[in-house]
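# Geometric and topological summary
As a plain string of letters, each chain reads:
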Amino acid sequence: MITETLSAAAPYLIQQDYAAYTDEQHAVWAELVGRAMPELQKHAAREYLEGFEIIGLQRSRLPNLRSVSARLAPRTGWNSSPVSGFLPAPAFFEMLAARRFPTTTWLRTRDSLEYTPEPDIFHDVFGHVPMHAHKVFADFLEHYGRVCAGISDSGVLEKLGRLFWYTVEFGTIHQNGEIKVYGSGLISSHGECMNVMGGHCAIHDFTLDEVLATPVKVDELHKLLFAVSSFDQIYDAMHDAEQRTLEGRL
Ligand SMILES: [Fe+2]
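Anyway, here's the lowdown on the structure attached to this text. Keep in mind that what you see is a predicted model, and the values were worked out from it rather than measured.

About the criteria used
- Residues numbered from 1 in each chain as written.
- Predicted model: local features only at pLDDT ≥ 70, side-chain atom pairs only at ≥ 80, totals over all residues.
- Helix = DSSP H or I, 4+ residues; strand = E, 2+ residues; numbered from the N terminus.
- Rg over C-alpha atoms; globule rule 2.2 N^0.38 Å.
- Buried ≥ 20, exposed ≤ 12 C-beta atoms within 10 Å, placed from the backbone.
- Contact = placed C-beta atoms within 7 Å.
- Arc of directions from axis to C-beta.
- Pairing = 2+ DSSP bridges.
- Axes fitted to C-alpha atoms, helices over the stretch in contact; angles between N-to-C directions.
- Parallel < 35°, antiparallel > 145°, perpendicular 65-115°, else oblique.
- Left-handed = near helix turned anticlockwise from the far one by under 90°.
- Nonpolar A, V, L, I, M, F, W, Y, C, P; charged D, E, K, R; others polar.
- Core = buried A, V, L, I, M, F, W, Y, C linked by C-beta atoms within 7 Å.

### Considerations on the overall build of the chain
Along the chain, the regular secondary structure elements total eleven helices and six strands. Computed over its C-alpha atoms, the radius of gyration of the chain comes to 17 Å, within 12% of the 18 Å expected for a compact globule of 250 residues. Taken along its principal axes, the extent of the C-alpha atoms in the chain is 55 × 45 × 35 Å. Relative to its full complement of 250 residues, the chain shows a buried share of 43%. Of the contacts made within the chain by residues no fewer than 6 positions apart, 64% connect residues no fewer than 24 positions apart.

Here it is, written out as structure tokens:
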């Protein structure tokens, strides 16, 4: 385990005790993936589905983060690093800047398949990590972490948090004349995904200005999300956001 480059995040790094997962937990993972995949084959961005194969996720067994990282690292330099739970912002940004995705190792139980108040391994690995195999997305996410790690102004961080929320967590993309999902909150939540696909959520073309002006609401299904035309758009938006930050006009 590489810990020497991390300071703020170091206390949160753990090992994944893969052998400790029970048959029931593997079965819950299999059920979650089995429920989500038929919808995602229709509605997920091509890059997400490619990433799922690239990182070698299995449908019937919980992911071993060491194996996931071994397949991901040569491709984009990212890895999936086990952490003990929710990270304070400086630790989270420090890890993103180092291309290490903080990944929880616990799994929701069968009686809360649809919703968990905090991210679990299904949200983190099934939802997030496949996109880290995409080079442009991978570069964007590192840059996001690097910029945020250097900011202490909470108002600026809140604005940048909106950019993260409406891309990494709840992003959609125009593909083949349709809206496809790539944000982990859509990928890992049937209800959120169907809210979008059922037409219950307005989808505006992504602009940095509107994203930065749209507060995040966590207590209801989304009424407005944003679709990029390509992942280059979020890469460019992050550079734009960095420039605005440097000039004090975010
Ligand atoms: Fe997330």
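Now, onward.
### Quick notes on helix α2 (residues 46–54)
E47, Y48, G51 and F52 are the residues of α2 that are buried. Angular distribution of buried residues about the axis of α2 spans 145°; they occupy a single face of the element. Among the structural elements, α8 (184–187) and α11 (231–246) are those in contact with the buried residues of α2. At the exit of α2 stands G56, carrying a positive phi of roughly 70°.

### Some points on the environment of D240
Topologically, D240 is positioned in helix α11. We classify D240 as partly exposed; it has 15 C-beta atoms within 10 Å.

### Remarks on the pairing of strand β6 (residues 224–228)
Here is the key point about a regular strand: its side chains alternate between the two faces of the sheet. Taking burial as the measure, the five residues of β6 include four buried ones, the bulk of the element. Examined bridge by bridge, strand β3 (residues 172–175) and β6 share two bridges and lie parallel to one another. Across the sheet, T172 pairs through a bridge with A227, a residue of β6. Here strand β5 (residues 202–205) runs beside β6; their pairing, made up of four bridges, is parallel. In the sheet register, A202 faces β6, and the bridge partner there is L224.

### Quick look at the packing of helix α4 (residues 89–97) against helix α6 (residues 135–149)
In the contact formed by α4 and α6, the axes pass within 7 Å of each other and the chain directions differ by 135°. By the angle between their directions, the pair α4 and α6 is classed as oblique. The hand of the α4/α6 crossing is left-handed. Together, P90, F93, E94, M95, L96 and A97 of α4 and L141, E142, Y144, G145, R146, C148 and A149 of α6 make up the contact between the two elements. For the contact of α4 with α6, a count of residues per class yields nine nonpolar, one polar and three charged.

### Thoughts on the environment of G191
Checked against the element boundaries, G191 lands in helix α9 (residues 190–197). When the 10 C-beta atoms within 10 Å are taken as the criterion, G191 is described as exposed. Note: C-alpha distance between G191 and L221 (30 residues apart in sequence) is 8.2 Å. Among all residues touching G191, those that are not within four sequence positions of it are E114 and L221.

### Overview of the sheet that holds β5
Strand pairing in a sheet takes place through backbone hydrogen bonds and is either antiparallel or parallel in direction. On the basis of which strands lie adjacent, the open sheet formed by four strands has the order β4-β3-β6-β5 and mixed pairing. Unpaired on one side and paired on the other, β4 (178–181) and β5 mark the two borders of the sheet. Adjacent strand axes in the sheet meet at a mean angle of 40°, parallel and antiparallel pairs treated alike.

### Thoughts on the nonpolar core
Y144 and V181 are the most contacted members of the largest nonpolar core, which totals 67 residues. In terms of residue count, the dominant contributor to this core is α6 (seven residues).

### Considerations on the packing of α6 against α11
Relative to each other, α6 and α11 sit at 20°, their axes nearing to 8 Å. One finds that α6 runs roughly parallel with respect to α11. Between α6 and α11 the crossing geometry is left-handed. Seen from α6, the contacting residues are V136, F137, D139, F140, H143, Y144 and V147; seen from α11, they are F231, D232, I234, Y235, M238, E242 and T245. When its residues are assigned to classes, the contact of α6 with α11 shows nine nonpolar, two polar and three charged.

### Structural notes on unusual backbone geometry
A positive phi is found at R99, a non-glycine position, where the angle reads about 60°. Along the chain, R99 turns up in the loop between α4 and β2 (100–104).

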